[in-house]
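Below, each chain spelled out in residue letters.
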Amino acid sequence: MPHAPSILRLPARLSVILGAALVALFALPAAAHAGTCAGTATTKAFKSFGDTADYSIAPNGHFESGTSGWSLTSASVVSGNESFKVRSSADSKSLSIQPKGLAVSPPICVGVQHPSFRFFARRTSGTWGVINAKLRWTDSGGRTNETVVGSISGDPYLSWKPSQSLPLATTLPLWQAGQTLSVRLVFDLEDYGGSFTIDDVYVDPYRR
């Protein structure tokens, strides 16, 4: 007599499959970590430009104490602060980046409560030039990812000007409260344009 398949085994198998699916659905993204970012002092750095959000200065983002933690290619600290002096009237330095140059910030802890970042920029040579602002982060497989989130260019930057608000957490695999990711901000100049100077790099630590 042929052996009849057991109908009692099917629900057990289904429960295993459904359980695995639910675990995959609700698991943290592989690139993110559970935890919270440490609190930082905030200021309304861009209030005079119509942005009333609170911001925190990025690590050594004012360049007054050098560039510890930054990775630089054809870039260096120079005299001359962004003209609005939003951090302090005593500030006197900024970061000059040459064509083909690159400036990469120290790691920044980013959670869903860090939606954006801004900085000041000025084109200091050439008839045109572009800074590509990127986010650099590492996934669970050890692969380094870079995402372009905005570009700074044009004659308005012949004098100091704040960048637009650039996306941060909203472009990263951070979908739940309590997830964090270590991210570096990358400022990458187009190879054949002019040079730029940047200053006062700020991160928005609160969701609007």
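This write-up is about the structure you can find in this document. These numbers come from a predicted model, not from an experiment.

Once that is clear, we can look at unusual backbone geometry. Positive phi, close to 45°, is recorded for Lys 85, a residue that is not glycine. Taking the relative accessible area as the measure of exposure, Lys 85 reaches 35% and is therefore partly exposed.

As used in these notes, a disulfide is a covalent bond between sulfur atoms, one from each of two cysteines. By the definition in use, this model includes one disulfide. For Cys 37, the disulfide goes to Cys 109, at an S-S distance of 2.0 Å. When the S-S torsion is -80°, as for the bridge of Cys 37 with Cys 109, the disulfide is left-handed. Residue Cys 37 is located in the loop between β1 (33-34) and β2 (56-57), and its partner Cys 109 is located in strand β5 (residues 108-111); the two are separated by 72 residues in the primary sequence. Cys 37 gets classed as buried once you look at its relative accessible area, which sits at 13%.

Turning our attention to the environment of Pro 162. Along the polypeptide, Pro 162 turns up in strand β9 (residues 161-162). According to the relative accessible area criterion, Pro 162 is buried, its value standing at 10%. A sequence separation of 36 residues divides Pro 162 from Ile 198, and the C-alpha atoms of the two residues are 9.5 Å apart.

Turning to the layout of surface pockets, a few remarks are in order. Taken as a whole, the largest pocket holds about 280 Å³ of empty space. In terms of lining residues, the largest pocket is bounded by 16 residues, among which Ala 38, Thr 40, Ser 56, His 114 and Pro 205 are the most central. Elements supplying a minimum of two residues to the lining of the largest pocket: β2 and β5. Partitioning the lining of the largest pocket into residue classes produces ten nonpolar, six polar and no charged.

Moving on, we come to the pattern of salt bridges. Following the criterion strictly, the structure yields seven salt bridges and no others. Measuring nitrogen to oxygen at the nearest pair gives 2.8 Å for the salt bridge that ties Lys 134 to Asp 188. Note that Lys 134 is positioned in strand β7 (residues 130-138) and Asp 188 in strand β11 (residues 179-189), a separation of 54 residues in sequence. One network of salt bridges, with partners in common, ties together Lys 134, Arg 136, Glu 146 and Asp 188.

Cut-off values and rules
- Residues numbered from 1 in each chain as written.
- Predicted model: local features only at pLDDT ≥ 70, side-chain atom pairs only at ≥ 80, totals over all residues.
- Heavy atoms only, no water.
- Buried < 20%, exposed > 50% of the residue type's maximum accessible area, 1.4 Å probe, protein only.
- Disulfide = S-S within 2.5 Å.
- Helix = DSSP H or I, 4+ residues; strand = E, 2+ residues; numbered from the N terminus.
- 1 Å grid on protein atoms, 1.4 Å probe; cavity = no way out; pocket = protein on both sides within 12 Å on 5 of 7 lines; lining within 4 Å.
- Points joined across faces, edges and corners; volume = space filled by probe spheres on them.
- Nonpolar A, V, L, I, M, F, W, Y, C, P; charged D, E, K, R; others polar.
- Salt bridge = Lys/Arg side-chain N within 4 Å of Asp/Glu carboxyl O.

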